[in-house]
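# Coordinate inspection notes
Listed below are the residues making up each chain.
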Amino acid sequence: MRILILVFIAWSSIAYADDCRFESEQARYYVNNASEDADLAFDKSGVSFISVANGIAPARPAFDDIEMTVCVVLETKWETLWVGADSSVCGSSNDLITKAFSYAEAFNKRMLELASTSESYKCADELQAY
């Protein structure tokens, strides 16, 4: 059973390392709208953050000074912008990565502000230093 699960994960499109879907979705992620998008997402669904899959593990822009606790990583909604992960098969990969990072950083900075003062976000205390 464990082997079956590992095989499924390895071949799942969810975890597929050369996923370039950001290339076709990038028009939705306009950097100048990221802060407003964070406000709308917070109002609609609460706290969520954006990671960028461009390496072996997803990058989390704007989290350089934030401790990645179990609550923040596992108990919070995360959207992933797929720009190729650990492969380099995406067209214009440097431009895509730059755009994905810029958007995610602006979105996450605003969301961190909202999350740190939220009374309903159970990880808010862990973000108070932000």
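Residues numbered from 1 in each chain as written. Predicted model: local features only at pLDDT ≥ 70, side-chain atom pairs only at ≥ 80, totals over all residues. Heavy atoms only, no water.

Time to look at the side chain of serine 118. Assignment of secondary structure puts serine 118 in the segment after α5 (93-116). A polar side-chain atom of serine 118 sits 3.2 Å from the main-chain amide nitrogen of serine 120. Contact partners of serine 118, with chain neighbours within four places excluded, come to Phe42 and Ala124. (Helix = DSSP H or I, 4+ residues; strand = E, 2+ residues; numbered from the N terminus. Polar contact = N/O pair within 3.5 Å; in protein donor to acceptor, adjacent residues only side chain to side chain. Contact = heavy atoms within 4.5 Å.)

Moving on, we come to the state of the cysteines. As enumerated under the stated definition, the model contains one disulfide in all. Residue pairing for cysteine 71: its cysteine sulfur links by disulfide to cysteine 123, the two sulfurs lying 1.7 Å apart. As the torsion about the S-S bond is roughly -85 degrees, the cysteine 71-cysteine 123 disulfide counts as left-handed. Placement of the pair is cysteine 71 in helix α4 (residues 70-74) and cysteine 123 in the segment after α5, with a sequence separation of 52 residues. (Disulfide = S-S within 2.5 Å.)

In this section: the pattern of salt bridges. A full pass over the atoms with the stated rule returns five salt bridges. Salt-bridge contacts for arginine 28 lead to glutamate 79; the nearest nitrogen and oxygen are separated by 4.0 Å. Of this pair, arginine 28 sits in the loop between α2 (21-25) and α3 (34-45) while glutamate 79 sits in strand β2 (residues 77-82), placing them 51 residues apart in sequence. Residue classification places glutamate 79 among the partly exposed positions, given a relative accessible area of 34%. Two residues, arginine 110 and aspartate 39, come together in a salt bridge whose shortest N-O distance is 2.7 Å. Linking arginine 110 in helix α5 with aspartate 39 in helix α3, this pair joins segments that are 71 residues apart in sequence. Owing to a relative accessible area of 23%, arginine 110 belongs among the partly exposed residues under this scheme. (Salt bridge = Lys/Arg side-chain N within 4 Å of Asp/Glu carboxyl O. Buried < 20%, exposed > 50% of the residue type's maximum accessible area, 1.4 Å probe, protein only.)

With that out of the way, let us pick up the nonpolar core. Core analysis: the biggest nonpolar cluster contains 30 residues, and Phe49, Leu81, Tyr121 and Leu127 have the highest contact counts within it. Mapped onto this core, the elements with two or more residues apiece are α3, β1 (48-53), α4 and α5. The contact partners of leucine 127, leaving out residues within four places of it in the chain, are Phe49, Ile66, Val72, Leu112, Ala115, Ser116 and Tyr121. (Core = buried A, V, L, I, M, F, W, Y, C linked by side-chain atoms within 4.5 Å.)

Quick look at the packing of α3 against α5 now. Remark: α3 packs on α5, axes separated minimally by 8 Å, with the N-to-C direction vectors making an angle of 45 degrees. In this view, α3 runs oblique relative to α5, as classed from their interaxial angle. Where α3 crosses over α5, the two elements pack in a sense that is right-handed. Counting all contacts with α3, which are made through Ala34, Ser35, Asp37, Ala38, Asp39, Ala41 and Phe42, the residues of α5 involved are Tyr103, Ala106, Phe107, Arg110, Met111 and Leu114. (Axes fitted to C-alpha atoms, helices over the stretch in contact; angles between N-to-C directions. Parallel < 35°, antiparallel > 145°, perpendicular 65-115°, else oblique. Left-handed = near helix turned anticlockwise from the far one by under 90°.)

Turning our eyes to something else, we now look at α5. Between the first and last C-alpha of α5 there are 33 Å, a value that for 24 residues agrees with the 34 Å anticipated at 1.5 Å per step. Taken together, the buried positions of α5 are Leu96, Ala100, Tyr103, Ala104, Phe107, Asn108, Met111, Leu112, Leu114, Ala115 and Ser116. Check the buried side of α5 and you find it contacts α2, α3, β1 and β2. (Expected span 1.5 Å × (residues − 1).)

Here β1 lies mainly inside the structure; six of its six residues are buried. Burial along β1 is two-sided: the face carrying Ser48, Ile50 and Val52 and the face carrying Phe49, Ser51 and Ala53 are both buried. For β1 and β2, the ladder comprises six bridges, and the chain directions are parallel. Note on β2: the bridge partner recorded for alanine 53 is tryptophan 82. (Pairing = 2+ DSSP bridges.)

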